[in-house]
Number of protein chains: 2
Amino acid sequence: MLNVDISNIWCSVALPDFLAQEQEVSAAHAALMDGNGADFLAWLDEEDGGTLDRLEEAAARIRDEAELLVVVGGDSAALGAQALLELLRGRIHQLRPGLKVVFTGGDLSTQAWRRLSAQLDTKDFCVHAIGRDALPLQSAVTLRSLRWALQRRYGNEKARERLFLTTDASKGALRQLALQTGCASFPLPRTLAGHASALAPAALLSLIAARVDVRALLAGAAEARRAFEIRSFENPAWLYAAARNVLARRGRRVEYLSAAEPDAWSLCRWWQRLFGERACVDGQGLIPAAAEIPADFQQLHGLLCDGKQPILQTILRFAPPAQHQSVEMDLGNYDGLNCLNGFTLDYLQEQTVAGAVQAGVDGGVPLLTVDCGPLNARTAGELLYFFELTSSLCAGMLGREPYADGQPAAFAAAAAGFLGLDGEKPR
Amino acid sequence: MLNVDISNIWCSVALPDFLAQEQEVSAAHAALMDGNGADFLAWLDEEDGGTLDRLEEAAARIRDEAELLVVVGGDSAALGAQALLELLRGRIHQLRPGLKVVFTGGDLSTQAWRRLSAQLDTKDFCVHAIGRDALPLQSAVTLRSLRWALQRRYGNEKARERLFLTTDASKGALRQLALQTGCASFPLPRTLAGHASALAPAALLSLIAARVDVRALLAGAAEARRAFEIRSFENPAWLYAAARNVLARRGRRVEYLSAAEPDAWSLCRWWQRLFGERACVDGQGLIPAAAEIPADFQQLHGLLCDGKQPILQTILRFAPPAQHQSVEMDLGNYDGLNCLNGFTLDYLQEQTVAGAVQAGVDGGVPLLTVDCGPLNARTAGELLYFFELTSSLCAGMLGREPYADGQPAAFAAAAAGFLGLDGEKPR
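In this text the structure is predicted, and so the values were computed from the model without any measurement.

A. Quick look at the overall build of chain A. A tally of regular secondary structure across chain A gives 16 helices and 10 strands. What you see for chain A is a C-alpha radius of gyration of 23 Å, in line with the 22 Å of a compact globule of 427 residues. Viewed in the frame of its principal axes, chain A has a C-alpha envelope of about 65 × 60 × 45 Å. Each of the 427 residues in chain A was classed as buried or not, and the buried ones make up 67%. Summarising the internal contacts of chain A: among those between residues at least 6 apart in sequence, 80% fall at separations of at least 24. With 40 positive and 50 negative side-chain charges, chain A shows a separation of 8 Å between the mean positions of the two kinds.

This is the structure:
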């Protein structure tokens, strides 16, 4: 089970100050689980074999009929699906044989649409749209273009069979579309938290189509849900939320999350969006940013080593895989690294992370470590649940609703004003 | 030519304070161009048709013999190549027919190596390694694995023909390797700035292989070099560097760079690394972070709209393409957006950016806009030169050497200590 190490934060915060967070975390946790948010990801515990069976059927159909699956979605659920796919199939998943998956719907770029469109002209494709009841403008416009591309290519009837929707069970634009066209649709859990969650089964169609073991992923998330229910500082979620919160109050402004796994990069991005949306408002909360280890060492060096920037460093660690890979011999020894012969990659990686930790500690920068266990579908489920829970706890500790859904987006409103949409906002 | 709009910073800084930066920018500029750094990217002006011709030959050979080009490099030059490829060929470049390009060498992950290795077993491949005189541990180890994969697959002789090196003309590990094996090698410009530059032609082999018009790119950079030579506030580079600097001194801690082009995401990442490495040390300078517009609106909303977080927002704008794309009609009007019929995507994008600007202004958050012109190879060259120059100017204004090369990396040193490499550091 995932674990959090807070032993390197004491340079910036005293133990009593940390412990004083207990009441706040406790209240935030209670509000999530017992209060209005009583439903917080509760659906993870429910058997929902029916939906998963239907998703697996749909995924099989997609694999049969398409070379390319285009996922449209502008919010964190869609980004979460992308993060999971890269984590579990690699950043280079598009190079693998079989179905390719691309993610779109977060932009209004003509250039990006042209580039995608050129691919649609040469490959058989299906479309999966993910949206809560309200669809952001950019996703709605992209979906219009994609539906048109489907209809032009396959005709009305066949286009319908290539369109898959994940949305609210009863209302909103995509539900409307499902009713109008009769295309396949999968309901999001009925709760606000379920709407925003990257763990909603219906949002994971692309992962199932790419043969990720989504049942193991959901089992991991459900197990994490039970494990992180403990209401004390034995709970890693409490440790993380309390540490972030108290460090922010002690003057830290930015949290840099980094992982030594390059395939976790989109996960860090998802984390950045999640914590930026939920736990960083009214001038409170840590501003999230992401980096890669060791690729960004030089950058982190400047930021961390002298301890003068108001930063918290958080590192995601994964356990070494069962099978090792050794540093290759080189007879010419042109790089002078034959001294590493016999070492394994994971040992070097571990030592590099230890070096990063030590450098931060020496510089007097507080540091959190999240130990995720081995990288697989089960632990990925745990990790996503962990961040969904902790971001909501942090939001609660800032006195906010635990999830951002329904919050009036001043940006979108301003844009709508510019577009003359004031009176008639996208549903 | 690229332009910088500073009209939205006056909420946080007074004009005289801004103008007082003149001397510092001027001194930093002089130090770069006339002092020790007299060579700062001067090679951009030199005719180097010879190297480009050789690179084009090599690229043609790669296209003939390989389906996959693996680029190894752990520093900002390699990340710059990736950023340019995504900007000019799309994030989804791996879906395009023809040669695929992957970037590696920034990690020590067993998992990521396995995933890449599985692709190497099924595709004909070539390897392009980019490194200054000193090669980071992770790049060296990855290159060892890749060379071994080449030899196992093609035999010693043929493996040599599939290996391409870009490195210092006379010293360092990769130069040693070129001498030992006799494989094709291309020199980096002899200067420190040339070593660190993403615009060194020899670092752009992968772009040439992917049929990007690198001559236009370099012409754009060379033109920018001439244009940004002006020593006054008519120079956009001066505006950007001075604005960043004065805002940091007025208490801003973080700069969020965002673009409305999803294909510019890796460029923002490259920018983050560049400014993190060069212009953020000793507790001075802005901490860089990146976001996407409009996908990250919700996140930016929390960060910016109330004006309480110490943030500077910078937006990259590209001019609309010559050919327009309209919002598609939908008879059912399920999303209520038929009011947008007749609008073009780029108009919507422009209004969305305007909305983001207005929301930031309303929130009292200072904002810079970098207008890049239309997105093509020429303007991409301009933009990269702009950021290489401004990051060096900002470094100079903090009293630092203009580029990070040769700086002892405490992290790497700490890791080397853990590895028992103290006495025998990788050359």
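B. The arrangement of the relation of the copies chain A and chain B in detail. At an RMSD of 0.0 Å, chain A and chain B line up after a rotation of 180° and a shift of 0.0 Å along the axis. Viewed as a symmetry operation, the transformation between the two copies matches a two-fold axis. No C-alpha of chain A lies nearer the rotation axis than that of Ala289 of chain A, which sits 2.8 Å from it.

C. Spotlight on helix H10 (residues 214-227) of chain B. Over its 14 residues, H10 of chain B extends 20 Å from the first C-alpha to the last, a length consistent with the 20 Å expected when each residue adds 1.5 Å. Looking at the buried positions of H10 of chain B, the neighbouring elements they touch are helix H2 (22-33), helix H3 (49-65), helix H4 (76-89), helix H9 (205-209) and helix H15 (377-397) of chain B.

D. Expanded view of the pattern of salt bridges. Throughout the structure, instances matching the rule amount to 42 salt bridges over all chains. Glu56 of chain B serves as the salt-bridge partner of Arg215 of chain B, at 3.1 Å between the closest nitrogen and oxygen. Of the two residues, Arg215 of chain B sits in helix H10 while Glu56 of chain B sits in helix H3, which places them 159 residues apart along the sequence. Note on Glu56 of chain B: relative accessible area 32%, which makes it partly exposed. Three or more residues joined by partner-sharing salt bridges are found here, namely Arg269 and Arg273 of chain A together with Glu292 and Asp296 of chain B.

E. Inspection of the environment of Phe343 of chain A at higher detail. Residue and element names in this part refer to chain A. Among the structural elements, Phe343 can be located in the loop between strand S9 (311-319) and helix H14 (345-363). Along the sequence, Phe343 and Ala81 sit 262 residues apart, while their C-alpha atoms lie 35 Å from each other. Filtering out sequence-adjacent residues up to four positions away, Phe343 remains in contact with Gln325, Ser326, Val327 and Leu348.

F. Representation of the pairing of strand S2 (residues 68-72) of chain B within the structure. Residues and elements named next belong to chain B. The element S2 is largely enclosed, with a buried count of five among its five residues. Sheet analysis places S2 next to strand S3 (residues 100-104), joined by five bridges and oriented parallel. Considered in S3, the bridge of Leu68 is made with Lys100. Crossover handedness for the path S2 to H4 to S3: right-handed. Sheet topology note: the S2/strand S4 (residues 125-130) ladder contains five bridges and is parallel. By the bridge assignment for S4, Val70 is matched with Val127.

G. Quick peek at the packing of aromatic side chains. Within the structure shown, the criterion is met by 26 aromatic pairs over all chains. An angle of 35° between the planes, with centres 5.0 Å apart, marks the rings of Phe18 of chain B and Phe233 of chain B as tilted. Here the residue Phe18 of chain B occupies a position in helix H1 (residues 15-19), and Phe233 of chain B occupies one in the loop between H10 and helix H11 (236-249), the gap between them amounting to 215 residues. A connected cluster of aromatic rings, assembled from ring pairs, spans Phe228, Tyr240, Trp271, Phe275, Tyr385, Phe386 and Phe387 of chain A. The ring centre of Tyr154 of chain A lies 3.9 Å from the NZ or CZ of Arg162 of chain A, which sits over that ring.

H. The interface of chain A and chain B, seen in detail. Counting from both sides, the interface comprises 131 residues of chain A and, opposite them, 131 residues of chain B. Across the chain A to chain B interface the summed buried area is about 11200 Å²; carbon plus sulfur atoms make up 58%. On inspection of chain A and its partner chain B, the count reaches 12 salt bridges. One salt bridge in this structure joins Arg269 of chain B and Asp296 of chain A, with 3.7 Å as the shortest N-O distance. Inspection of the region where chain A meets chain B yields 44 residue pairs in polar contact (both at pLDDT 80 or more). If you tally residues by element for the side of chain A that touches chain B, the top one is H14 of chain A, at 13 residues. A class-by-class count of the residues in the side of chain A that touches chain B yields 66 nonpolar, 37 polar and 28 charged.

Analysis parameters
Residues numbered from 1 in each chain as written. Chains lettered and ligands numbered in written order. Predicted model: local features only at pLDDT ≥ 70, side-chain atom pairs only at ≥ 80, totals over all residues. Heavy atoms only, no water. Helix = DSSP H or I, 4+ residues; strand = E, 2+ residues; numbered from the N terminus. Rg over C-alpha atoms; globule rule 2.2 N^0.38 Å. Buried < 20%, exposed > 50% of the residue type's maximum accessible area, 1.4 Å probe, protein only. Contact = heavy atoms within 4.5 Å. Lys, Arg positive; Asp, Glu negative; His and termini not counted. Charge placed at Lys NZ, Arg CZ, Asp CG, Glu CD. Least-squares fit on C-alpha atoms with pLDDT ≥ 70 in both. Expected span 1.5 Å × (residues − 1). Salt bridge = Lys/Arg side-chain N within 4 Å of Asp/Glu carboxyl O. Pairing = 2+ DSSP bridges. Right-handed = clockwise from strand over helix to strand, strands pointing away. Phe/Tyr/Trp six-rings, centres within 6.5 Å; stacked < 30°, edge-to-face > 60°. Lys NZ or Arg CZ within 6 Å of the ring centre and 35° of its normal. Buried area = accessible area lost by both parts, 1.4 Å probe. Polar contact = N/O pair within 3.5 Å; in protein donor to acceptor, adjacent residues only side chain to side chain. Nonpolar A, V, L, I, M, F, W, Y, C, P; charged D, E, K, R; others polar.

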